[in-house]
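# A structural walkthrough
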Amino acid sequence: MDEISFRIFRFDPSRDAEARYQLYRIRPEPGLTVLSALVNLREEQDGSLAFRASCRSGICGSDAMLINGRARLACKTQVAEAAGDGTVTLEPLRGFPVLKDLVVDQSDFWEKLVRVKPWLIPGPEPAPERERLMRLPAQQFDELSRASDCIFCACCYAECPMEGRHRAYLGPAALVKAYRFEADPRDAGSAERRGALDHPDGVWRCHHVFRCTEACPKEIDAAWAIQQLQRRLAARHLRLKGDA
Amino acid sequence: MRPEERDTTLDVGGYRLGMWSFLGQRFTGLLLTFYLFLHLFIIAQVTRAGGPVTFSALARVLERPPYLYLDLGLVAVVLFHAANGVRLILFELNMAARSQGRLFWWLVGPAGLILLLGGAVLLAGVR
Ligand code: FES
């Protein structure tokens, strides 16, 4: 493949007054991912380049960034595909404060996740003396396991225009996790999650733009999961269901 | 909950179908709100002194091009807002969980057809 350019967002708060873009030229081998290209760049051309990554195989979710303006995992994006017109533009995820170059501060994102209590909250029945078996029918498990596939890369969060306008919005990732447990028949935590979910900055902030669904590298239908939460709460408000 | 196959028809300028339909819904909503006030303002002319005469004169002007074309534009705005609105309602009612993208075309398409047919009839009547 011919030489291509990487146009990379650079910002070091300790030295730069303003962000800038730096151009790098590389000659990619076939099969090169954007992440491998970044690693090569850092090793061979510019040791000061900052980015996050760990697993290099789409499992840890640390290397989400804007690739040509769209939130994607660098390790799951081929350079050949991204460099359509000979240039790949890399920028930090939208909607997060930039720490350095492509590294952003995700504190808000994690804090919102904790707010929906993304863990199984058992019912009031007393804890058994020996271990408790909590089995799920296989089909129900399949459904929930889709939502469990989330790797917290924050691609959906960075793509959501509602999140862009309302910083307090919980965002699709936290809501997918909330759905994962709300839809679990073994969970009895609805009442505890209601404060965060049934709130203008909870499920009701979603306006079905579907950018989360389109962005998810794990192919989770995040917009659908949010809509399921909306339905559950609407049914509750309309008293169509008991204390669901 | 795997998403439906992604529709790439509207991948234009960095936005995709969902974003265009969202922006379209907002934009047409604003236009309709603005139009409502315009509509009330013009209708209200009847109640002013000498109003009926002014109103009839005004109505005659508004019935012909170029205002007629604006009227057609209004119909287009209403049709889009209504068709996409039905899509969103169906999605909210869980009746289009896996087809919201396709549904966009199934509803906005016929709406466009209605616009074309209705427009042709309307314009033929003016000549
Ligand atoms: S490096 Fe782990 S998901 Fe890309």
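Above this text sits the structure in question.
Being a predicted model, the structure only gives us computed values, none of them experimental.

The next subject is the overall build of chain A. Per the secondary structure count, chain A includes ten helices and seven strands. Classification of the 244 residues of chain A by burial places 52% in the buried group. Contacts spanning at least 24 positions in sequence make up 64% of the contacts within chain A whose residues lie at least 6 apart. For chain A, the computed accessible surface area is about 12,100 Å², with 49% contributed by carbon and sulfur atoms. Chain A carries 36 positive and 35 negative side-chain charges, and their two centres are separated by 4 Å.

A few words on the interface of chain A and chain B. Taken together, the contacts link 24 residues of chain A with 20 residues of chain B. Considering only the side of chain A, the residues that lose the most area to chain B are Arg70, Phe210 and Glu214 of chain A, jointly responsible for 28% of the buried surface there. The interface formed by chain A and chain B includes zero salt bridges. Linking chain A with chain B are six residue pairs in polar contact (both at pLDDT 80 or more), by the criterion used here. Going through the elements one at a time, α4 (138–148), α6 (161–165), α9 (211–215) and α10 (222–237) of chain A are the ones with two or more residues in the side of chain A that touches chain B. Partitioning the side of chain A that touches chain B into residue classes produces ten nonpolar, six polar and eight charged.

This part takes up the sheet that holds strand β1 (residues 4–10) of chain A. All names here are of chain A. Pairing is mixed in the open sheet, where five strands are placed in the order β2-β1-β5-β3-β4. Each edge of the open sheet is held by one strand with a lone partner, namely β2 (20–26) and β4 (70–73). Looking at each pair of strands side by side, their axes are set apart by 35° on average, direction ignored. Sheet topology places β1 next to β2; seven bridges connect them, and they run antiparallel. Following the sheet pairing, Arg7 is matched in β2 by Leu23. The strands that helix α1 (residues 34–44) touches are β1, β2, β3 (64–67) and β5 (87–91); relative to β1, the one it contacts most, it runs at about 75°.

All names here are of chain B. Together, Val12, Tyr15, Trp20 and Leu23 give the surface a local cluster of nonpolar side chains, amounting to about 310 Å² of exposed area. For Trp20, the position within the fold is in helix α1 (residues 17–43). Residue class for Trp20 comes out partly exposed when judged on its relative accessible area of 32%.

Attention now moves to the side chain of Gln227 of chain A. Looking at the element boundaries, Gln227 of chain A is found in helix α10. Excluding anything up to four places from it in sequence, Gln227 of chain A contacts His208 of chain A together with Phe91, Glu92, Leu93 and Asn94 of chain B.

Inspection of the entire model under this criterion finds eleven aromatic pairs over all chains. On the basis of an interplanar angle of 50° and a centroid distance of 5.6 Å, the ring pair of Trp110 of chain A and Phe152 of chain A is categorised as tilted. Separated by 42 residues along the polypeptide, Trp110 of chain A in helix α3 (residues 107–115) and Phe152 of chain A in the loop between α4 and α5 (155–159) bring together distant segments of the chain. The partly exposed category is assigned to Trp110 of chain A, whose relative accessible area is 37%. Their ring planes at 85° and their centres at 5.1 Å tell us that Phe104 of chain B and Trp105 of chain B sit as a pair that is edge-to-face.

The rules behind each value
- Residues numbered from 1 in each chain as written.
- Chains lettered and ligands numbered in written order.
- Predicted model: local features only at pLDDT ≥ 70, side-chain atom pairs only at ≥ 80, totals over all residues.
- Heavy atoms only, no water.
- Helix = DSSP H or I, 4+ residues; strand = E, 2+ residues; numbered from the N terminus.
- Buried < 20%, exposed > 50% of the residue type's maximum accessible area, 1.4 Å probe, protein only.
- Contact = heavy atoms within 4.5 Å.
- Areas by Shrake-Rupley, 256 points an atom, 1.4 Å probe, with all protein chains shown as cover.
- Lys, Arg positive; Asp, Glu negative; His and termini not counted.
- Charge placed at Lys NZ, Arg CZ, Asp CG, Glu CD.
- Buried area = accessible area lost by both parts, 1.4 Å probe.
- Salt bridge = Lys/Arg side-chain N within 4 Å of Asp/Glu carboxyl O.
- Polar contact = N/O pair within 3.5 Å; in protein donor to acceptor, adjacent residues only side chain to side chain.
- Nonpolar A, V, L, I, M, F, W, Y, C, P; charged D, E, K, R; others polar.
- Pairing = 2+ DSSP bridges.
- Axes fitted to C-alpha atoms, helices over the stretch in contact; angles between N-to-C directions.
- Patch = residues over 30% accessible without salt bridge, like charges linked within 9 Å, V, L, I, M, F, W, Y side chains within 5 Å.
- Phe/Tyr/Trp six-rings, centres within 6.5 Å; stacked < 30°, edge-to-face > 60°.

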